[in-house]
Amino acid sequence: MRTPYLAGNWKMNLDRRAALDLVSALREHVGDRTDVDVAVAPPFVYLDEIARALAGSRVAVGAQNMCDEPSGAFTGEVSGAMLVDVGASFVILGHSERRHVYGETDDLVATKVGAALSAGLDVILCVGETIQEREAGETEAVVRRHLTQGLRDVAREDMRRVTIAYEPVWAIGTGHNATPEQAGEVHQYLRGLLEGLHGAAVAEATRIQYGGSVKPANVAELMAVDDVDGALVGGASLSPDSFLPIVDLGR
Ligand code: PEP
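Per chain, residues are indexed from 1 in the order of the written sequence. Per-residue local features are limited, in this predicted model, to residues with pLDDT of at least 70; the limit for side-chain atom pairs, both in listing and counting, is 80 or more; totals at the level of whole chains, interfaces and linings are taken over all residues. Neither water nor hydrogens contribute to the side-chain values; these are computed over all heavy atoms in the structure.

## Observations regarding the site of the ligand
To keep things clear, this is the line we draw: One heavy atom within 4 Å of a molecule or strand is enough for the residue carrying it to be called near that molecule or strand. By the criterion applied in these results, polar contacts are pairs of N or O atoms within 3.5 Å in which, for protein atoms, one can donate a hydrogen and the other can accept it, and in which residues neighboring in sequence qualify only through two side-chain atoms. Surface accessibility follows the Shrake-Rupley procedure with a 1.4 Å probe radius. Residue values consider only the protein chains on display as shielding. Side-chain classes are defined by residue name, with Ala, Val, Leu, Ile, Met, Phe, Trp, Tyr, Cys and Pro counting as nonpolar, Asp, Glu, Lys and Arg as charged, and the others, Gly among them, as polar.
Close contacts around the ligand come from 14 residues, with K11, H95, E167, G173 and S213 the closest. Contact distances for the ligand include 2.8 Å between an oxygen atom and a side-chain N or O atom of H95. In this structure, G173 approaches the ligand through a main-chain N or O atom, which is 2.6 Å from an oxygen atom. In the complex, 95% of the free accessible area of the ligand, which totals 290 Å², lies under the protein chains. Here the residues of the shell around the ligand sort into four nonpolar, eight polar and two charged.

## Re the environment of T163
Filter applied, for reference: Secondary structure elements are defined from DSSP: runs of H or I of at least 4 residues count as helices, runs of E of at least 2 residues count as strands, and each element is numbered from the N terminus. Whether two residues are in contact is decided by their heavy atoms, any of which lying within 4.5 Å being enough.
Looking at the element boundaries, T163 is found in strand β6 (residues 162–166). Considered as a pair, T163 and T105 are 58 residues apart in the sequence and their alpha carbons are 19 Å apart. Non-local contacts of T163, meaning those with residues more than four positions away in its chain, are made with Y5, V123, I124, L125, R207 and Q209.

## Some details on the nonpolar core
The condition that has to hold: Throughout this description, the term nonpolar core refers to a set of buried Ala, Val, Leu, Ile, Met, Phe, Trp, Tyr and Cys residues connected via side-chain atoms within 4.5 Å. Each residue gets one of three labels from its accessible area relative to the maximum for its type: buried under 20%, exposed over 50%, partly exposed in between, using a 1.4 Å probe on protein chains only.
Ranked by internal contacts, the top residues of the largest apolar core, which has 67 residues, are I50, I164 and L190. Once residues within four sequence positions are removed from consideration, L190 is found in contact with V127, V143, L147, I164, Y166 and I208. Core analysis: the second largest hydrophobic core is formed by 10 residues, A7, I92, I124 and A165 among them.

## Looking at the environment of M82
The residue M82 is located in helix α3 (residues 80–85) in this model. Judged by relative accessible area, M82 falls into the partly exposed class, the value being 47%. Expressed as a C-alpha distance, the spacing of M82 and M12, which sit 70 residues apart in the sequence, is 19 Å.

## Observations concerning the pairing of strand β8 (residues 230–233)
Worth spelling out the cut-off: In this analysis, strands are considered paired if DSSP registers two or more bridges between them.
The alternating pattern of β8 places G230 and L232 on one face and A231 and V233 on the opposite face, and all of these are buried. Where strand β1 (residues 5–9) meets β8, four bridges bridge the pair, whose relative direction is parallel. Counterpart to G8 in the pairing with β8 is V233. Across two bridges, strand β7 (residues 208–211) lies against β8 in parallel orientation. Looking at β8, one finds that Y210 is bridged to A231.

## Let's talk about the pairing of β7
Regular strands place side chains that alternate from one sheet face to the opposite one. Rules: Here is how to tell: hold the view so the strands point away, follow the path from the first strand over the helix to the second, and if it runs clockwise the crossover is right-handed.
Here β7 shows a buried face lined by I208 and Y210 and a second buried face lined by Q209 and G211. Crossover handedness for the path β7 to helix α10 (residues 216–223) to β8: right-handed.

## Here's the deal with the state of the cysteines
The cut-off we apply is this: We call a pair of cysteine sulfur atoms a disulfide whenever their separation is within 2.5 Å.
Within the structure shown, the criterion is met by zero disulfides. Considering cysteine sulfurs only, C126 is the nearest to C67, which forms no disulfide, with 18 Å between them. Classification of C126 by relative accessible area gives buried; the value is 1%.

## Quick notes on helix α1 (residues 16–30)
For clarity, the threshold we go by: Helix span, expected: 1.5 Å multiplied by one less than the number of residues in the helix. As used here, the arc is the angular range of directions from the helix axis to the C-beta atoms.
For α1, spanning 15 residues, the distance from its first C-alpha to its last is 21 Å, which sits close to the expected 21 Å at 1.5 Å a residue. For α1, the full list of buried residues reads A19, L20, L22, V23, L26 and V30. Around the axis of α1, the buried residues are gathered within 160 degrees of arc, so they sit on the same side. Opposite the packed face of α1, turned more than 90 degrees from it, sit the exposed residues R17 and E28. Where α1 is buried, its residues meet β2 (37–41), α2 (44–53), β3 (59–63) and α11 (240–249). Immediately downstream of α1, the backbone of G31 shows phi near 50 degrees, a positive value.

Without other data, these values stay purely geometric and don't point to any function.
Set out below in structure tokens:
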């Protein structure tokens, strides 16, 4: 049985006050519930303070990106050890905005995944096709490449620290979520790939989140799909009015 995992990716949004108010509401709402895992990924500069505000709670704090190198002359970058140092327990890697806006390659994503696990961070690895790729019938080939390359350096025993997020690029921030059928098809395909890579037990245990325009109105039908084990939520994670209902409905 996989515990649903609902994570909020704040991207480059919110200010300090709004961020603290949001996590205070979230902390109180989640309480000591164990039927769902909840996490937030604030911008780097707020991580330390948000991690302290959520210390001892059941809400995890993570980063949206990190450097693939452990330290050194990498201006503007942040290492996995630094993230751990300020209280992060996971990092989102391979997000489509990192791939498509900042040109991150499968190779770089794979190196970051290895570096994150070595630093002691759990990983949410994002995979997903663009609309052009979907229309060209390339969805499976693209998510296969993202998954197999992204997990290239991950040992079987470390797979319990990895979550996959299926995020079709055409659904991110557009208001057009994948239908439950579309999500179900790709999630089932991804679980089959996980079985091929690491065996049935790992495939059965690994959580696969759906991401792309998740909101209170659609989360329940998406979470009802067999292989959908939670959500990675962008816009709707920025306000208690939308994220708290998602936490409730996503179970
Ligand atoms: C995301 O960026 O991971 C995301 C899914 O965004 P949104 O929920 O806003 O579509």
